[in-house]
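Survey of secondary and tertiary structure
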Amino acid sequence: FPAFARAWNTDAIAPAFVRLTRATAWLMLLPLLISTLFGAELIEAVYGAQWLGATLPFQLFMALVCIRAIFNYWADVYQAAGRTAPLLGLTAVNAVLITVLGIPLVTRYGVVGMAVAVLLTISTTVFVGTRYLKRLLQVRYADALMRPVAALAFCLGVGGLLKGVVAGPGEAALAVGMVAAW
């Protein structure tokens, strides 16, 4: 992010980093809610009923897009600090994990297996990347993400329960499962 590169001052960058992360989390709530609660309806409206089998992979990949967007800014902090070696290491970890997890999961579960492999890979990258980030900036993701994640959990829970009352318990179980997974 260009603002991080102007002057390396952790006292100025840390609050900006937290604000950007929080704002992105709030921004990503709507697509995540829509894809989680109305993924099947969205797939059917856009592609037709013959593609309803793609609903779960679509929902998983939308969750991945949201997670990746929220945790995107730490790469910019590394670059602004002149420490790009962790980024290369994380890219190598991604390549290994996608291969090691992807092949058996795709073989057994098809496209859903690959979605799970990517979810596990990105989750690992986020976990490791944020640990490295703590060496550069003293930030707590809990400060940035507590309210957006609580709002997401509340909306998914209420939406899932309402949808379960209207459409049946299977839809509610999916929504609650997505909240638990995230």
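Preceding this paragraph is the structure being described.
This one's a predicted model, so the numbers in the text were calculated from it and none came from an experiment. (Residues numbered from 1 in each chain as written. Predicted model: local features only at pLDDT ≥ 70, side-chain atom pairs only at ≥ 80, totals over all residues. Heavy atoms only, no water.)

As for the overall build of the chain
- Along its length, the chain carries eight helices and zero strands.
- Going residue by residue from the N terminus, the α and β elements of the chain occur as α-α-α-α-α-α-α-α.
- Of all 182 residues assigned to the chain, the portion counted as buried reaches 38%.
- Across the chain, the fraction of contacts at a sequence separation of at least 24, relative to all contacts at a separation of at least 6, is 72%.
- A total accessible area of about 10,100 Å² is found for the chain, and carbon and sulfur atoms account for 70% of it. (Helix = DSSP H or I, 4+ residues; strand = E, 2+ residues; numbered from the N terminus. Buried < 20%, exposed > 50% of the residue type's maximum accessible area, 1.4 Å probe, protein only. Contact = heavy atoms within 4.5 Å. Areas by Shrake-Rupley, 256 points an atom, 1.4 Å probe, with all protein chains shown as cover.)

So, the nonpolar core
- In this structure, F17, F71, W74, L133 and L137 are the most contacted members of the largest nonpolar core, which totals 38 residues.
- Contributing elements (two or more residues each) for this core: α2 (10–47), α3 (55–70), α4 (73–80), α5 (85–109), α6 (111–136) and α7 (141–167). (Core = buried A, V, L, I, M, F, W, Y, C linked by side-chain atoms within 4.5 Å.)

Some thoughts on the environment of T10
- Mapped onto the elements of the fold, T10 is located in helix α2.
- Judged by relative accessible area, which is 30%, T10 ranks as partly exposed.
- Counting along the chain gives 67 residues from T10 to V77, while the straight-line C-alpha distance between them is 9.8 Å.
- When near neighbours in sequence (up to four residues on either side) are disregarded, T10 contacts P15, L136 and L137.

Examining the packing of α4 against α5
- Where α4 contacts α5, the axes come no closer than 8 Å and their chain directions differ by 140°. When the interaxial angle is binned, α4 and α5 end up oblique. Counting all contacts with α4, which are made through W74, A75, Y78 and Q79, the residues of α5 involved are P86, L87 and L90.
- Residues of the contact of α4 with α5, tallied by class, amount to six nonpolar, one polar and no charged. (Axes fitted to C-alpha atoms, helices over the stretch in contact; angles between N-to-C directions. Parallel < 35°, antiparallel > 145°, perpendicular 65-115°, else oblique. Nonpolar A, V, L, I, M, F, W, Y, C, P; charged D, E, K, R; others polar.)

Quick notes on α2
- Taking 1.5 Å as the rise per residue, α2 with 38 residues should run 56 Å; its terminal C-alpha atoms sit only 47 Å apart, a clear shortfall.
- At the exit of α2 stands G48, carrying a positive phi of roughly 105°. (Expected span 1.5 Å × (residues − 1).)

Re the packing of aromatic side chains
- Across all of its chains, the model carries one aromatic pair by this definition.
- Between the aromatic rings of W74 and Y78, the centroid separation amounts to 5.7 Å while the plane-to-plane angle is 70°, which identifies the pairing as edge-to-face. One end of the pair is W74 and the other is Y78, both in helix α4 and four residues apart, which spans about a single turn. Note on accessibility: W74 and Y78 belong to one class, buried. (Phe/Tyr/Trp six-rings, centres within 6.5 Å; stacked < 30°, edge-to-face > 60°.)

A word on a nonpolar patch on the surface
- A contiguous nonpolar surface patch, about 720 Å² in accessible area, is contributed by L30, I34, F38, L42, V46, Y47 and W51.
- The residue W51 is located in the loop between α2 and α3 in this model.
- For W51, a relative accessible area of 48% puts it in the partly exposed group. (Patch = residues over 30% accessible without salt bridge, like charges linked within 9 Å, V, L, I, M, F, W, Y side chains within 5 Å. Salt bridge = Lys/Arg side-chain N within 4 Å of Asp/Glu carboxyl O.)

Thoughts on the side chain of S35
- Along the chain, the position of S35 falls in helix α2.
- The residues touching S35, leaving out its near neighbours within four places in the chain, are F58, Q59 and M62.

Observations regarding the environment of A115
- Within the secondary structure layout, A115 lies in helix α6.
- Expressed as a C-alpha distance, the spacing of A115 and F61, which sit 54 residues apart in the sequence, is 6.3 Å.
- The contacts of A115, once residues within four sequence positions are left out, are P57, L60, F61 and L64.

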